[in-house]
Amino acid sequence: MFDLHHRHRTGGHPPSSGRFGGGHPFRPLSLVLLLVAGSTQAGEPELLQPLPLHQVITVAGERRAEIAAARARLAAARERPAIVSALEDPMISPAIDHKPVDPMMGTDTSITIEQRFPLSRILTHKRHAAEADARRLEAETDRTVLSVGQDAAGAFLMLAERRQMRGVLMQQQALAVQIVETSAARYASGAGTQADVLRAETESARLAARLLALTAEIRGAEIMLNTAMGREADLPIPELAPLAELDGIRLPSLASAAEQAWSRRPESAISQAEIMRTQAESRAMRSMYLPMAMVRTGMADTAEAGRGYMLMVGISLPIWVGKLTSGVREAKAMEEMAVADSEAMRRMVNGEAGAALESLRGALDRWRGLRDDVQPRAERMLAPALSAYAAGKLPLSSVLETAQALRSVQEERISAEYEAGMALVRVHAALGDLGDAL
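Every value quoted in this text rests on a predicted model; they were computed, and no experiment measured them. (Residues numbered from 1 in each chain as written. Predicted model: local features only at pLDDT ≥ 70, side-chain atom pairs only at ≥ 80, totals over all residues. Heavy atoms only, no water.)

1. Focus on the environment of Y289
Heads up, the rule is: A run of H or I in DSSP counts as a helix once it spans at least four residues, and a run of E counts as a strand once it spans at least two, with each numbered from the N terminus. The rule is simple: take the accessible area with a 1.4 Å probe, protein chains only, and divide by the maximum for that residue type; under 20% is buried, over 50% is exposed, in between is partly exposed. Residue contacts follow a heavy-atom distance rule, with two residues in contact if any of their heavy atoms lie within 4.5 Å.
By secondary structure assignment, the location of Y289 is in the loop between helix 7 (266-287) and strand 5 (292-302). Note on Y289: relative accessible area 35%, which makes it partly exposed. If sequence neighbours within four positions are ignored, Y289 has contacts with P318, V321, L324, T325 and V328.

2. Section: the pattern of salt bridges
Condition: The term salt bridge refers to a side-chain nitrogen of Lys or Arg lying within 4 Å of a carboxyl oxygen of Asp or Glu.
Applying the stated rule across the entire model yields 27 salt bridges. Here R162 ties to E217 by a salt bridge, and the two come within 3.6 Å at their closest N and O atoms. Of this pair, R162 sits in helix 4 (residues 122-188) while E217 sits in helix 5 (residues 194-228), placing them 55 residues apart in sequence. Here E417 and R413 are joined by a salt bridge, their closest N and O atoms 2.8 Å apart. A residue pair is termed a helical-turn pair when its members lie 3 or 4 positions apart in one helix, as E417 and R413 do in helix 9 (residues 396-431) at 4 residues. Using a relative accessible area of 14% as the deciding quantity, one classes R413 as buried.

3. Digging into the sheet that holds strand 6 (residues 306-315)
Adjacent strands of a sheet form backbone hydrogen bonds with each other and so pair up, either parallel or antiparallel. The condition is simple: Pairing between strands is defined by DSSP: at least two bridges between them are needed. Helix axes are fitted only over the stretch in contact, all axes being lines through C-alpha atoms; the angle between N-to-C directions runs from 0 to 180 degrees.
Spatial strand order, 3-4-5-6: 4 strands in an open sheet with antiparallel pairing. Each edge of the sheet is formed by a strand with only one pairing partner; in this case those strands are strand 3 (91-98) and strand 6. Between one strand and the next, the sheet's axes are offset by a mean angle of 20 degrees, whatever the strand orientation.

4. Overview of the side chain of T141
Tracing the chain through its elements places T141 in helix 4. With relative accessibility at 5%, the residue T141 sits in the buried group. Excluding anything up to four places from it in sequence, T141 contacts A70, R71 and L74.

5. Quick notes on the pairing of strand 4 (residues 108-118)
Here strand 3 runs beside strand 4; their pairing, made up of 7 bridges, is antiparallel. The partner of I92 across the bridge, within strand 4, is I113. As judged from the 10 bridges shared by strand 4 and strand 5, these two strands associate in the antiparallel manner. Across the sheet, residue I113 finds its bridge partner in strand 5, namely T297.

6. Comments concerning helix 4
Keep this limit in mind: Multiplying one less than the number of residues by 1.5 Å gives the expected span of a helix.
Under the 1.5 Å per step criterion, the end-to-end length of helix 4 is 98 Å for 67 residues, consistent within 8% with the ideal 99 Å. Of the residues flanking the end of helix 4, it is G190, one or two places downstream, whose phi is positive at about 85 degrees.

7. Let's talk about the packing of aromatic side chains
Selection rule: Between the rings of Phe, Tyr and Trp (Trp by its six-membered ring), a pair exists once the centres lie within 6.5 Å; its type follows the angle of the planes, with under 30 degrees stacked, over 60 edge-to-face, and the other angles tilted. The rule is short: NZ of Lys or CZ of Arg within 6 Å of the ring centre and within 35 degrees of the ring normal puts a charge over the ring.
Applying the stated criterion across every chain yields a total of 0 aromatic pairs. The cationic tip of R371 hangs over the ring face of W367; the distance from NZ or CZ to the ring centre is 4.5 Å.

8. A closer look at the environment of M337
Checked against the element boundaries, M337 lands in helix 8 (residues 321-390). Through-space distance from the C-alpha of M337 to that of E274 is 9.8 Å; in sequence the pair is 63 residues apart.

9. Some thoughts on the environment of N226
If you trace the backbone, N226 turns up in helix 5. Remark: the alpha-carbon pair of N226 and F156, spanning 70 residues in sequence, is separated by 9.4 Å.

10. Considerations on a nonpolar patch on the surface
For clarity, the cut-off: Residues forming no salt bridge and having over 30% relative accessible area are the ones grouped into patches, like charges within 9 Å of each other and nonpolar side chains (Val, Leu, Ile, Met, Phe, Trp, Tyr) within 5 Å. For every accessible area listed, the method is Shrake-Rupley and the probe measures 1.4 Å; residues are considered covered only by the protein chains on display.
A surface patch of nonpolar side chains, amounting to about 700 Å² of accessible area, comprises L119, L290, I315, L317, I319 and W320. Note that L119 resides in the loop between strand 4 and helix 4.

11. Quick notes on empty space enclosed by the protein
Threshold: Here a cavity denotes grid points, spaced 1 Å and computed from the protein atoms alone, that fit a 1.4 Å probe unable to get out, and a pocket denotes an open set having protein on both sides within 12 Å along at least 5 of 7 lines; residues with an atom within 4 Å of a point are the lining. Grid points are joined across faces, edges and corners, and a volume is the space filled by probe spheres set on the points. Each residue gets one label: Ala, Val, Leu, Ile, Met, Phe, Trp, Tyr, Cys and Pro are nonpolar, Asp, Glu, Lys and Arg are charged, and the others, such as Gly, are polar.
Inspection of the entire model under this criterion finds 1 cavity of 30 Å³ or more. The calculated volume of the largest cavity comes to roughly 30 Å³. In this structure, the largest cavity is lined by Q172, L175, A176, I179, E203, L207, A403 and R407. Where the lining of the largest cavity is concerned, the elements lending two or more residues are helix 4, helix 5 and helix 9. Here the lining of the largest cavity takes 4 residues from helix 4, the largest share from any one element. Looking at the lining of the largest cavity, its residues break down into 5 nonpolar, 1 polar and 2 charged.

12. Quick notes on the pairing of strand 6
Sparse coverage of strand 6 is indicated by the burial of 0 of its 10 residues. In terms of strand pairing, strand 5 meets strand 6 through 10 bridges, oriented antiparallel. Bridging from a neighbouring strand, G298 pairs with M310 of strand 6. Between strand 5 and strand 6, which follow one another and run antiparallel, lie 3 residues.

13. What to know about unusual backbone geometry
Cis geometry marks the peptide bond from Q49 to P50, where omega comes out at -5 degrees. Along the chain, P50 turns up in the loop between helix 1 (29-35) and helix 2 (53-63).

14. Here's the deal with helix 8
Our working rule: The term bend refers to the angle at a residue between two fitted axes, each drawn through seven residues, those ending there and those starting there.
Taking 1.5 Å per residue as the helical rise, helix 8 with its 70 residues ought to reach 104 Å, and the 99 Å between its terminal C-alpha atoms agrees with that figure. The largest bend in helix 8 amounts to roughly 40 degrees and is located at L370. Following helix 8 by one or two positions, G392 adopts a phi angle in the positive range, close to 80 degrees.

15. A closer look at the packing of helix 6 (residues 254-264) against helix 8
Heads up, the rule is: Note on angle classes: values under 35 degrees are labelled roughly parallel, values over 145 roughly antiparallel, values of 65 to 115 roughly perpendicular, and the remainder oblique. Throughout, a crossing is termed right-handed when the near helix is turned clockwise from the far one, and left-handed when it is turned anticlockwise from it by less than a right angle.
Running from N to C, helix 6 and helix 8 point in directions that differ by 130 degrees, and their axes come no closer than 9 Å. Regarding the angle of helix 6 to helix 8, the classification is oblique. Seen along the crossing, helix 6 lies across helix 8 with a hand that is right-handed. Contacts between helix 6 and helix 8 involve L254, A257, A258, A261 and W262 on the former and, on the latter, S342, M345, R346, V349, N350, A353, G354, L357 and E358. Tallied by class, residues from the contact of helix 6 with helix 8 come to 9 nonpolar, 3 polar and 2 charged.

Structural data, given as C-alpha cells:
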C-alpha cells in the first residue's frame, strides 16, 4: 500500500541492510543516482516505469524553483561574514594646505592616507552573527526541501487514489451491465418488469457519468503531480509503482519520536542559529563601549621646509553611555527572546511528532479494518443477492443497494489507504527526513 520506499518483488527479498520500519529496505545509493541520470531531449527527467514515490521526491527536490531560490539566498548569506568583518576602506586625501596670493611664493601641499579600526572585537562578533544567519538560512533551505518533498508525496498519493477509484468504478460499471442483462432477461421471460430494466440502466448510466468526471479529476491530479515535480504540466505520468504494505511498519514511542524530531528537524537548527546570532550581537553591542582608533599618515611639501612626513593618531570618545547601555539591554532582551522561542519551538516540534504518530496509528487501524473485515463482508453479499434476484426471491432494489454498499466500502477503503499514506508522510516530515526510517 502506501510507503515511501518501493520494493521490487522479483525473486526473493533484497539485502537486509538499511531496513525501513518493519522490514522495508532502502534502495542502494547507485539506484538513487540512476533516478536522475537520464533525461529526455526536452530536458525533462526520465521517469521510471512504473513511477515510484521516492523518485517523485527526488525529482521535486532537484527541479523546484523554491529550492533553487532558497539555495541562492543561502549562497548570498555565506558572503555576508566577509563583508561585515572587514575594516572600513582607507581614505586617501590630497590637499592644498596653503596657496599664497603672491604667485612668487610656493604652495604648501600634502597627501595622507587614513585608516579607522576598532580597539575591540566588534568585527569578530559581527562576523559570528553573520555566520549564525547563514546557518539559519541553511536550515531554512532544508525545511524548504522537506516541504517540497511533502507536497510532491501528497500529489503522488492523490493521483494513486484517483486511479484506484477509477478501477473500482470500472468494476462497478461492469456489474451494472450484468444487472441490466439479468433484469432484461427476467423481463423477456415475463418474470420481471420494465421498470426494473429502466432502473438498472439508470444506475449504469450514472456510473458512466461518474467515470467521465473521474477521468477529468485524474488529469487534474496528473497536472498537480507534474507541477509538484517541477515538470511541464501537460507531460504524461506513467503507471504508479505499487507501494509496499503498511502492515510491517513499526512505530517508535512518543519519547523516541520527540527526541528524533528535535535532533533532526530544521526548526532545531534554526532555533540554535538564532540564539547564536543574538548572543553575537549582544557581544558586539558590549564591544561598542571601547573606542575606535584612527591612524593618518602621509607626505607634506611646504614652501619653507620642503618635503616631510606627517603622522596623526586619533581615538573616538564613546561618551553617550546611555545610548550604548540601551543598545546592550536591547540585545540582551533579544537573546532571552531567542532562548524562549527555542523552547517553544521544541515543544511544538515534539507535539507535532506525537500527533503525527497517533494520527498514523488511527489511519492504519481504519484502513486495516476496512480491508480485512468490512470489504470482505460486503463482497460476500453480492453473489447471493444476484442469485436471489435471478431466481425471483429478491427485488432489484436489494441488488442495487448491495452493489452500492460494496462500492461505498471500496471507495472508503481506498480513501483510508490515501489517509494512511499521507499520515506516514506527515510522520516522516515531523521526524525531519522523508527518506529515513521510522
